[in-house]
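Listed here are the chains, written in short residue letters.
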Amino acid sequence: MDRLLSVGEVAERLGTTDRFPRRLIEERRIAFVKVGRHVRIPETALAAFVAANTVQPVTRSRRLRAVA
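The model shown is predicted, which means the values in this text are computed figures rather than measured ones.

Reading guide: rules and limits
Residues numbered from 1 in each chain as written. Predicted model: local features only at pLDDT ≥ 70, side-chain atom pairs only at ≥ 80, totals over all residues. Heavy atoms only, no water. Pairing = 2+ DSSP bridges. Helix = DSSP H or I, 4+ residues; strand = E, 2+ residues; numbered from the N terminus. Salt bridge = Lys/Arg side-chain N within 4 Å of Asp/Glu carboxyl O. pLDDT = per-residue confidence, 0-100. Buried < 20%, exposed > 50% of the residue type's maximum accessible area, 1.4 Å probe, protein only. Arc of directions from axis to C-beta. Contact = heavy atoms within 4.5 Å.

Taking strand neighbours across the sheet as the criterion, the 3 strands line up as β1-β3-β2 in an open arrangement whose pairing is antiparallel. The open sheet is flanked by β1 (4–5) and β2 (33–35), the only strands paired with a single partner. Taken together, the 3 bridges between β2 and strand β3 (residues 38–42) define a ladder with antiparallel strand orientation. Bridged to Val-35 within β3 is His-38.

Here it is in structure tokens:
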């Protein structure tokens, strides 16, 4: 079974305030579980969110510039 994280734990892992994970939940941009009136986010859902929003760096070839 996957560990369920509180909004505060998710915010800490993302390095944000509680407001950001709450917005993700409100906009249905991350999977969550309702436990009574509490909301929890599975660790795998957080990992999937981070993976889906990770931007890879662009590698450029270096061109030699002619000096005039």
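Here the structure, examined in full by the defined rule, presents 4 salt bridges. Ionic pairing is found between Arg-23 and Glu-27, a salt bridge with its closest N-O pair at 3.8 Å. Salt-bridge contacts for Glu-27 lead to Arg-29; the nearest nitrogen and oxygen are separated by 3.1 Å. Taken together, the salt bridges that share partners define one network made up of Arg-23, Glu-27 and Arg-29.

Moving on, we come to the confidence of the model for the protein chain. Of the residues in the protein chain, 91% reach a pLDDT of 70 or more, and the chain-wide mean stands at 92. Element-level mean pLDDT values for the protein chain span from 95 in β2 up to 98 in helix α1 (residues 7–14).

This part takes up helix α3 (residues 43–52). The complete set of buried residues in α3 reads Ala-45, Leu-46 and Phe-49. Buried residues of α3 fall within an arc of 100 degrees about the axis and therefore sit on the same side. Facing away from the buried side of α3 by over 90 degrees, the exposed positions are Thr-44 and Ala-51. Where α3 is buried, its residues meet β1, α1, α2 (19–26) and β3.

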